[in-house]
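Observations on the model geometry
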Amino acid sequence: MRINPLLLLLPITALSQTASEQIDSMLLAVEQFKTAKYELHTQELINDEWVDNISSVTYRKTPLAIYINYQKPHEGVEVLLKKGDEKALVNPNGFPYVNLRLDPYGYLMRADQHHTVFESGFDYFISLIKNVKDRIEKEAPGKTDNYLSYLGKEKKEEKTYHHIQIENPDFKHQKHIVKEGEDLVTIARKNHLNERYILEKNKLNFYDDVAAGEEITIPNSFAQKVELWIDVETHLPLIQKIYINNALYEQYEFKKMQSNILIPEPEFTADFEEYGF
């Protein structure tokens, strides 16, 4: 049986005991992750240039509510999004000096970042791991021990992490014929891929810049290599590094994490006294 290379990217419970325990604990911790306040530091490769971003996030999983205050590079910009909102409320902290209602999937909110506000928290990234984990357990149990490495405990800024590395040695590119109704987002989500990478790989202007019948190039898995740094205390993946084409492509680090705390409802409203809307 030939295994889909995508399946080889991520772990299953039939790995070495230490790695298996850490992965299972991480999945459980993310499932139980309901609310949080944290500072997110991102590094993303956009058009061959690194873009650094720092933001303070207030997050609630259910019902979804997200407040973001950007510190770098767009200092003072605020975003508020709640379940049921078709558009996010944005305080641009500058011209045109009024609050805006913007589409989270639109150009203005996606121009200089890989992911949307909807991917805040851990669910999106971990869903990739869980989805592939389930498929491996069904199709190829016990076949991934050569693709995942437990690199031991490592310390950074007074936190201790379980360091796990996942590699796909069969990473490659392949052709995809766009079907009716597809855009880069739907193609990426259906195949568990990085939509920003597909956009730039095909030198397209935006995620809807394709038509049925066109041929585009997509990778055969989300990444060539993934590094997870799982916090020993909370079991959350507070550092995530994604590699494509033998180089770092994006990195996310969650700092000052306060998880599963009580967040008063006013903190998810534009009228909250500490916000600038």
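What counts and how
Residues numbered from 1 in each chain as written. Predicted model: local features only at pLDDT ≥ 70, side-chain atom pairs only at ≥ 80, totals over all residues. Heavy atoms only, no water. 1 Å grid on protein atoms, 1.4 Å probe; cavity = no way out; pocket = protein on both sides within 12 Å on 5 of 7 lines; lining within 4 Å. Points joined across faces, edges and corners; volume = space filled by probe spheres on them. Helix = DSSP H or I, 4+ residues; strand = E, 2+ residues; numbered from the N terminus. Nonpolar A, V, L, I, M, F, W, Y, C, P; charged D, E, K, R; others polar. Core = buried A, V, L, I, M, F, W, Y, C linked by side-chain atoms within 4.5 Å. Buried < 20%, exposed > 50% of the residue type's maximum accessible area, 1.4 Å probe, protein only. Contact = heavy atoms within 4.5 Å. Pairing = 2+ DSSP bridges. Axes fitted to C-alpha atoms, helices over the stretch in contact; angles between N-to-C directions.

Turning our eyes to something else, we now look at the layout of surface pockets. Where empty space is left can be seen by rolling a probe of water-molecule size over the atoms. Estimates place the volume of the largest pocket at around 400 Å³. Among the secondary structure elements, those contributing two or more residues to the lining of the largest pocket are α2 (107–110), α5 (195–201) and β13 (247–259). Tallying contributions element by element places α5 first for the lining of the largest pocket, with five residues. Tallied by class, the residues present in the lining of the largest pocket amount to 12 nonpolar, three polar and six charged.

Counting 51 residues, the largest nonpolar core has Met-26, Phe-122, Leu-228 and Met-257 as its most contacted members. The contacts of Phe-122, once residues within four sequence positions are left out, are Val-30, Phe-33, Leu-236, Pro-237, Leu-238, Gln-240, Phe-254 and Met-257. Residues Leu-184, Ile-187, Leu-193 and Leu-199 belong to the second largest nonpolar core, which totals 13 residues.

Strand order across the open sheet formed by 11 strands is β6-β5-β4-β3-β2-β1-β13-β12-β11-β8-β7, with antiparallel pairing between neighbours. Unpaired on one side and paired on the other, β6 (100–102) and β7 (148–156) mark the two borders of the sheet. Sheet twist, expressed as the mean angle between neighbouring strand axes with direction ignored, is 20°. Across three bridges, strand β4 (residues 78–82) lies against strand β5 (residues 88–91) in antiparallel orientation. What sits directly across from Leu-80, in β5, is Leu-89.

What follows covers the pairing of strand β3 (residues 65–72). On any regular strand, side chains alternate: one points to one face of the sheet, the next to the other face. Pairing between strand β2 (residues 49–60) and β3: seven bridges, direction antiparallel. Along β3, the bridge assignment pairs Thr-58 with Tyr-67. With five bridges connecting them, β3 and β4 associate as antiparallel partners. By the bridge assignment, Tyr-67 is partnered in β4 with Leu-80. Where β3 folds back onto β4 in an antiparallel hairpin, the turn is made up of five residues, including Gly-76, whose phi is positive at roughly 90°.

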